[in-house]
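One-letter residues, chain by chain:
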Amino acid sequence: MHALSYDYSPWTFWNNASAEEHQAQIEHQKALAQRDGVTIGERAFLSPLANVDAETFVIGPDSYVAAHAYVTGEVSMGENCTINAFTVVRGAVTMGDAVRIGAHTSILGFNHSMDPAQSVFRQPLSSRGIVIGDDVWIGSNVVVLDGVTVGSHAVLAAGAVVTKDVPEWSVVGGNPARQLRDRRDGVAGSSASTRPEAGLVPAVAGPDDGLVPVIAGRDAGLVSVVAGLATVSANDGGLRSRLAAFADAARAQATDVLSRCWVGEDDGYFVDRPGAPRTVRAQCDAVEIADLLLGSAPPQLPASEQARRLAGLQDPVTGLVPEFGTQPDASLEFGKGPATYHVLSVGYALDLLGSGFPHPIRAVANTGAAELVSALDALPWRKEAWESGAWVDAWGTAAYWNLARQHHLAAAAAGSSRLDSLNRVNPHSAGSVEALFGWLLARVNPASGTWGTPAHDTRLKVVNGYYRLTRGTFAQFGLPVPHVENLVDTVLEHAADPRYFAAGSQNACNVLDVVHPLWLASKQTTYRAGDGKAWATRQLEQAITWWHPGEGMAFSASPDSGVQHLPTLQGTEMWLAIIWYLADIAGHAEALGYRPRGVHRPEPAFSLPRL
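Residues numbered from 1 in each chain as written. Predicted model: local features only at pLDDT ≥ 70, side-chain atom pairs only at ≥ 80, totals over all residues. Heavy atoms only, no water.

Enquirer: Which residues make up the overall build of the chain, and what are the values?
Expert: Assigned secondary structure in the chain consists of 18 helices and 23 strands. In the form shown here, the chain has an accessible surface area of approximately 26,100 Å², with 54% of it arising from carbon and sulfur atoms. (Helix = DSSP H or I, 4+ residues; strand = E, 2+ residues; numbered from the N terminus. Areas by Shrake-Rupley, 256 points an atom, 1.4 Å probe, with all protein chains shown as cover.)

So, in structure tokens, the structure goes:
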């Protein structure tokens, strides 16, 4: 055995314990390592007072688990990670390197079903898993719920209840947790250790978790006291307050926006606008709007029922989702018709509802590297850059679902032996994703940073296609885009075109397809950042005036665009996301109090393995 102090301060063990105590710890680790699925790195420490009862458990070098920690499920810790005293880590939890978790915290990578027809304790558990990046600081008494991804370099303030994904570098706090600031933000004339607006209160602690992150003050979660806001110039013209008012109005009227597009017949469904036909996308846009503004599923139906309906639309043979009114058959083909976009809209709607596709998207899963390269070569890049980019977006997203999402439990009970056989197919062809990125990097136009050559009559499609292509590939998988400065020049030249961006001429697609590439580029370079911010601010000032009370937003700002000038679910969903991106480039996104989590989520959805 060893001195009790090491169980509670294990960072001191290897440098201070005696040889006999070292040997006792080694024997303790050997006993644990005899279990299937347990891997223990060098100089790791596991307190004998901790209960490590995981199905699989990986702890990297120089990581430790302190006394009275409770670890179950499938848990993986990288190097230099900590699970401090009395902390609970359960379910499917994956940590990168240097993840520091304070005492009395709960990381819960599983959940209960809540069907009202049955007692909760009799219902099955579900697990979407929790993924925590590198260099993450989690304070004491934090709760992280199933399905959350915490980006690298984030800080979760003490007492936070984290229910949604946390972007890289974010400092979050509160219940439910929301973003308070960016960890990289500095304040002129102050150091990170002394500036009071940082909201980090030092506590007496050892090297295990450094300072316990605490958000100071009763109203610390309010955007009015978020770190760095005191430095915002008074010359913003009141934009920040107008953004907050816009978001408050949208949240207050969200149920009205959804209700006007709800049709009560045939068990109920959403339409894009009153009188429009029933579409799959309308159901998905309703889910996205409700998640963004209400933090829940649309109130018309329980989330479980909405997920069941959407999942039930998937064709088990191809894995695609046909439009309402059509039957899955041999003509259902990836790359043709609305089923291709449904890979995005249905997949992310299911994700927001805590579910997923019940079957692999086999139209993509069965594509080998050579076949994929041939398909990419055959796309009409010179004439239809947008169509080609949209194909890549959907393919990359289908590959993401196949790689990252567990199949819905309902698929296991899905009938015939043919389906059983299909469900055993490997949901991802080896090397195909690598072939995709290799092809894209080899074929990009270095002069413009795009796929396709922009000119006066082609720039719209090239830039719009760039957005779709990079959304489903580089952005979704967290990889840097190539030739980023030339790309910025291309996009800003297009953004100056009055045909698409003069006041009153904008539509959601055109603005989104500029702001997202600019935002993505800003994560790699500050080149022409001032130009991008000025453009984003001008567009933002206009966009927040286009809200129709109780109805939402129209796809197009132009009165001459016919039905596209009428408020719709699609227009509302897209503009809410666009406004966030514009506000983030302008430096005011926190005033909105929301952040996209679905199709337009800003943070990567999946990280490919690194060497």
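Enquirer: Can you explain the packing of helix H10 (residues 385-404) against helix H12 (residues 432-443)? Please cite residues and give values.
Expert: Packed helices, taken two at a time, are described by their axes: the angle between them and the distance between them. Close contact between H10 and H12 brings their axes to 11 Å; oriented N to C, the two are set at 150°. As summarised for this structure, H10 and H12 are arranged roughly antiparallel, according to the angle between their axes. In this structure, H10 meets H12 at a crossing whose hand is left-handed. Residues Val392, Trp395, Gly396, Ala399 and Leu403 of H10 form the contact with H12, whose participating residues are Ser432, Val433, Leu436 and Leu440. (Axes fitted to C-alpha atoms, helices over the stretch in contact; angles between N-to-C directions. Parallel < 35°, antiparallel > 145°, perpendicular 65-115°, else oblique. Left-handed = near helix turned anticlockwise from the far one by under 90°. Contact = heavy atoms within 4.5 Å.)

Enquirer: Can you break down the environment of Val484 residue by residue, with the values?
Expert: On the secondary structure map, Val484 appears in helix H14 (residues 484-495). Owing to a relative accessible area of 13%, Val484 belongs among the buried residues under this scheme. C-alpha separation for the pair Val484 and Ser448, spaced 36 residues apart in sequence, amounts to 8.8 Å. In contact with Val484, not counting residues within four places along its chain, are Ala521, Gln524 and Thr525. (Buried < 20%, exposed > 50% of the residue type's maximum accessible area, 1.4 Å probe, protein only.)

Enquirer: Residues and numbers for the sheet that holds strand S19 (residues 178-182), please.
Expert: The strands making up a sheet associate through hydrogen bonds between their backbones, and the pairing can be parallel or antiparallel. With respect to topology, eight strands assemble into an open sheet ordered S2-S4-S6-S8-S13-S16-S18-S19, the strand pairing being mixed. Of all the strands in the sheet, just strand S2 (45-46) and S19 have a single pairing partner and so form its edges. As judged from the two bridges shared by strand S6 (residues 82-83) and strand S8 (residues 99-101), these two strands associate in the parallel manner. Within S8, the residue paired with Thr82 across the bridge is Arg100. (Pairing = 2+ DSSP bridges.)

Enquirer: Just give me the short version of the nonpolar core, but keep the residues and values in it.
Expert: Counting 115 residues, the largest nonpolar core has Trp535, Ile579 and Tyr594 as the members making the most contacts within it. Counting residues per element, this core draws most heavily on helix H18 (residues 569-586), which supplies 12 residues. Those residues in contact with Tyr594 that sit more than four places away from it in its chain are Phe246, Ala247, Arg251, Leu292, Leu293, Leu576, Ile579 and Trp580. In this structure, Leu46, Val93, Ile132 and Val166 belong to the second largest nonpolar core, which totals 37 residues. (Core = buried A, V, L, I, M, F, W, Y, C linked by side-chain atoms within 4.5 Å.)

Enquirer: Explain the side chain of Glu603 to me, and be specific about the residues and the numbers.
Expert: On the secondary structure map, Glu603 appears in the segment after H18. Residue class for Glu603 comes out buried when judged on its relative accessible area of 10%. A polar contact of 3.2 Å, which involves the side chain of Glu603, links it to the side chain of Arg595. (Polar contact = N/O pair within 3.5 Å; in protein donor to acceptor, adjacent residues only side chain to side chain.)

Enquirer: With reference to specific residues and values, describe the pairing of strand S5 (residues 70-77).
Expert: Bridge count between strand S3 (residues 51-59) and S5: eight bridges; the pairing is parallel. In the strand pairing of S5, Val58 is matched with Ser76. Looking at chain direction, S5 and strand S7 (residues 88-95) are connected through five bridges and run parallel. Paired with Val71 across the strands is Val89, a residue of S7.

Enquirer: Pulling in residues and values, what's your account of the layout of surface pockets?
Expert: Its volume calculated, the second largest pocket comes out at about 880 Å³. What lines the second largest pocket is a set of 40 residues, among which Arg281, Tyr341, Trp386, Arg468 and Gln570 lie closest to the centre. Per-class residue counts for the lining of the second largest pocket are 20 nonpolar, 10 polar and 10 charged. (1 Å grid on protein atoms, 1.4 Å probe; cavity = no way out; pocket = protein on both sides within 12 Å on 5 of 7 lines; lining within 4 Å. Points joined across faces, edges and corners; volume = space filled by probe spheres on them. Nonpolar A, V, L, I, M, F, W, Y, C, P; charged D, E, K, R; others polar.)

Enquirer: Quick rundown of the packing of aromatic side chains? Include the residues and the values.
Expert: A full pass over the atoms with the stated rule returns 24 aromatic pairs. Here the aromatic rings of Tyr348 and Trp401 are separated by 4.8 Å at their centres, their planes lie at 65°, and the arrangement is edge-to-face. Residue Tyr348 is found in helix H7 (residues 338-352), and its partner Trp401 is found in helix H10; the two are separated by 53 residues along the sequence. Tyr348 sits in the buried class, given a relative accessible area of 1%. Ring geometry for Tyr400 and Trp401: centres 4.6 Å apart, planes at 35°, overall tilted. The same class applies to Tyr400 as to Trp401, namely buried. (Phe/Tyr/Trp six-rings, centres within 6.5 Å; stacked < 30°, edge-to-face > 60°.)

Enquirer: Provide a residue-level description of unusual backbone geometry, including the pertinent values.
Expert: Peptide bonds are trans in most cases, and residues, glycine excluded, mostly fall at negative phi. A cis amide bond links Asn175 with the next residue in sequence, Pro176, at an omega value of -5°. With respect to the helices and strands, the residue Pro176 is situated in the loop between strand S18 (170-173) and S19. If you check the backbone angles, His104 has positive phi at about 60° while not being a glycine. Position of His104 among the secondary structure elements: in the loop between S8 and strand S9 (106-109). Of note, the phi angle at Asn141 is positive, near 65°, even though the residue is not glycine. One can find Asn141 in the loop between strand S13 (136-138) and strand S14 (143-144).

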